[in-house]
Amino acid sequence: MSGIPWETVTLTTLSRDRTIFPKLLAEARDIAMRGQEGKLVIHTPWGIEWKPFGLPRRKRPLKSVVLGSGIAEAVEKDVSAFLQRRQWYADRGIPYRRGYLLHGPPGSGKSSFIQALAGSLSYDICVLNLSERGLADDKLIHLLSNIPERSFVLIEDIDAAFNKRVQTSEDGYQSSVTFSGFLNALDGVASGEERIIFMTTNHPERLDPALIRPGRVDLSLLIGDASSSQAKRLFIQFYGRGEEEPSGWEEIQEDELTALGNSIERLVEEEMQAGGKVSMAALQGLFIRSSAREAADGLRSLFKEQRTLKP
Ligand SMILES: Nc1ncnc2c1ncn2[C@@H]1O[C@H](COP(=O)(O)OP(=O)(O)OP(=O)(O)O)[C@@H](O)[C@H]1O
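Residues numbered from 1 in each chain as written. Predicted model: local features only at pLDDT ≥ 70, side-chain atom pairs only at ≥ 80, totals over all residues. Heavy atoms only, no water.

- The name an unreviewed UniProt entry gives the protein is AAA+ ATPase domain-containing protein, with Antrodiella citrinella as the organism.
- Among the UniProt annotations of the protein, the heading Catalytic activity (unreviewed entry) holds the following wording: "ATP + H2O = ADP + phosphate + H(+)".
- The UniProt entry for the protein carries the following text under Sequence similarities (unreviewed entry): "Belongs to the AAA ATPase family. BCS1 subfamily." (UniProt positions renumbered as here; feature names shortened; annotations may be inferred.)

### A closer look at the overall build of the protein
Alright, step 1. Each helix and strand counted, the protein has eleven helices and nine strands in total.
Alright, step 2. Taking as baseline every contact in the protein between residues at least 6 positions apart, the subset at least 24 positions apart corresponds to 76%.
Alright, step 3. For the protein, the accessible surface area stands at approximately 18,600 Å², while carbon and sulfur atoms represent 53% of it. (Helix = DSSP H or I, 4+ residues; strand = E, 2+ residues; numbered from the N terminus. Contact = heavy atoms within 4.5 Å. Areas by Shrake-Rupley, 256 points an atom, 1.4 Å probe, with all protein chains shown as cover.)

### Some words on the packing of helix α5 (residues 137-144) against helix α7 (residues 179-187)
Alright, step 1. Between α5 and α7, the least distance of the axes is 9 Å, while the angle of their chain directions is 20°. Judged by the angle between their axes, α5 and α7 are roughly parallel. Crossing hand, α5 versus α7: right-handed. Of the residues in α7, those touching α5 at Asp137, Leu140, Ile141 and Leu144 are Gly181, Phe182, Ala185 and Leu186. (Axes fitted to C-alpha atoms, helices over the stretch in contact; angles between N-to-C directions. Parallel < 35°, antiparallel > 145°, perpendicular 65-115°, else oblique. Left-handed = near helix turned anticlockwise from the far one by under 90°.)

### Things to note about the site of the ligand
Alright, step 1. Residues in contact with the ligand amount to 17 residues; listed here are only the nearest, Arg60, Val66, Lys110, Ser112 and Gln284.
Alright, step 2. Between the ligand and the protein, one listed contact pairs an oxygen atom with a side-chain N or O atom of Arg60 at 2.8 Å.
Alright, step 3. At a separation of 2.9 Å, an oxygen atom of the ligand approaches a polar side-chain atom of Ser111.
Alright, step 4. Relative to its unbound accessible surface of 630 Å², the ligand loses 80% to contact with the protein.
Alright, step 5. Going through the elements one at a time, α4 (110-120) and α10 (280-289) are the ones with two or more residues in the shell around the ligand. (Near = heavy atom within 4 Å. Polar contact = N/O pair within 3.5 Å; in protein donor to acceptor, adjacent residues only side chain to side chain.)

### Some thoughts on a nonpolar patch on the surface
Alright, step 1. Judged by side-chain polarity, Val9, Leu11 and Leu24 come together as a nonpolar surface patch covering roughly 280 Å² of accessible area.
Alright, step 2. Here Leu24 lies in helix α1 (residues 20-36). (Patch = residues over 30% accessible without salt bridge, like charges linked within 9 Å, V, L, I, M, F, W, Y side chains within 5 Å. Salt bridge = Lys/Arg side-chain N within 4 Å of Asp/Glu carboxyl O.)

### Regarding the pattern of salt bridges
Alright, step 1. In the structure shown here, the tally under the stated rule is ten salt bridges.
Alright, step 2. As a salt-bridge pair, Asp218 and Arg98 come within 3.9 Å of each other at their nearest N and O atoms. Placement of Asp218 in the loop between β8 (195-201) and β9 (219-222) and of Arg98 in strand β5 (residues 97-103) is noted, with a sequence separation of 120 residues between them.
Alright, step 3. Asp218 sits in the partly exposed class, given a relative accessible area of 26%.
Alright, step 4. Overlapping salt bridges, with partners in common, bring together Asp78, Arg98 and Asp218 in one network. (Buried < 20%, exposed > 50% of the residue type's maximum accessible area, 1.4 Å probe, protein only.)

### A short note on helix α2 (residues 71-83)
Alright, step 1. Between the first and last C-alpha of α2 there are 19 Å, a value that for 13 residues agrees with the 18 Å anticipated at 1.5 Å per step.
Alright, step 2. Of all the positions in α2, only Ile71, Ala72, Val75, Asp78, Val79 and Phe82 are classed as buried. The buried residues of α2 occupy an angular sector of 140° when projected down its axis, which confines them to one face.
Alright, step 3. Tucked into the core, α2 has its buried residues touching α3 (86-92), β5, α4, β7 (151-155), β8 and β9. (Expected span 1.5 Å × (residues − 1). Arc of directions from axis to C-beta.)

### Considerations on the packing of aromatic side chains
Alright, step 1. For the structure on display, the rule yields twelve aromatic pairs.
Alright, step 2. Measuring from ring centre to ring centre gives 5.2 Å for Tyr123 and Phe152, while their planes differ by 40°; the resulting arrangement is tilted. Residue Tyr123 is found in the loop between α4 and β6 (124-127), and its partner Phe152 is found in strand β7; the two are separated by 29 residues along the sequence. The same class applies to Tyr123 and to Phe152, which are both buried.
Alright, step 3. Ring plane angle 55° and centroid distance 6.1 Å describe the contact between Phe238 and Tyr239, whose orientation is recorded as tilted. (Phe/Tyr/Trp six-rings, centres within 6.5 Å; stacked < 30°, edge-to-face > 60°.)

In structure tokens, the structure reads:
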């Protein structure tokens, strides 16, 4: 069974009007749905079924994830084109599925972008961990052929999934999804069911070519460390005054903000030319703990630390 507690409620009425029950149920359903409106639901496997995990989350605005020039647009365009071509696929007997691989260093926004994109399309996310205890080839095939409607499947760190297979944990447990079982599950039986899979990795070079061939991965994109223009965009987004910000927030005029943003951009550019790099996650961390005027100094220290850590 699903593992979710359930109970039976018997409703009786003295009235002859039976339509009262469907009305009541429709109203209850609407109230329940309203709680999920504008929210992102994450599903995880529960046996051979998918079940919502935790409470629905607030959607993250797509523009809050700042990627390199044209990357977000390329993925968005590809997904939208795919969603409009169901009939085209059906007419040609091509399985209606699309696979994406986002690769790049840690903290570059791969997972955040996938979640934000799902939210913007009102899709849910089914998170699949291939090393999960008890997951075997047969269960995986079942899970991938029974994805909840309007959901992306997200498989993170795909390179690690099969390396771990040879490792045995302390209690002697071994994951039993095999690489060939995974490929089979990806290919599945040809069906009209829509399936969109996002995979992420920090190590694309470790992936077997069989996994990333077209049909399994149709679009592969590098999501890299912060470029100077991304750093500036994130800075402006962080310290720019949003409409809903309370007064008393750091007062900073537009001109000064632009000037500070430009100096952040120049600083990152110079450091990059000297071989430095910084992740978007590290920039986010810095901006959270600094005021706009302190950020440039903090960034200098961040790069300096990096230089001293280098062998
Ligand atoms: N491009 C970005 N724009 C805005 N925020 C970002 C970006 N990249 C990372 N962040 C922030 O850094 C944190 C980590 O990001 P995320 O988990 O999406 O990175 P990732 O690339 O998936 O990392 P990993 O490869 O380690 O899984 C998040 O809190 C996110 O808000």
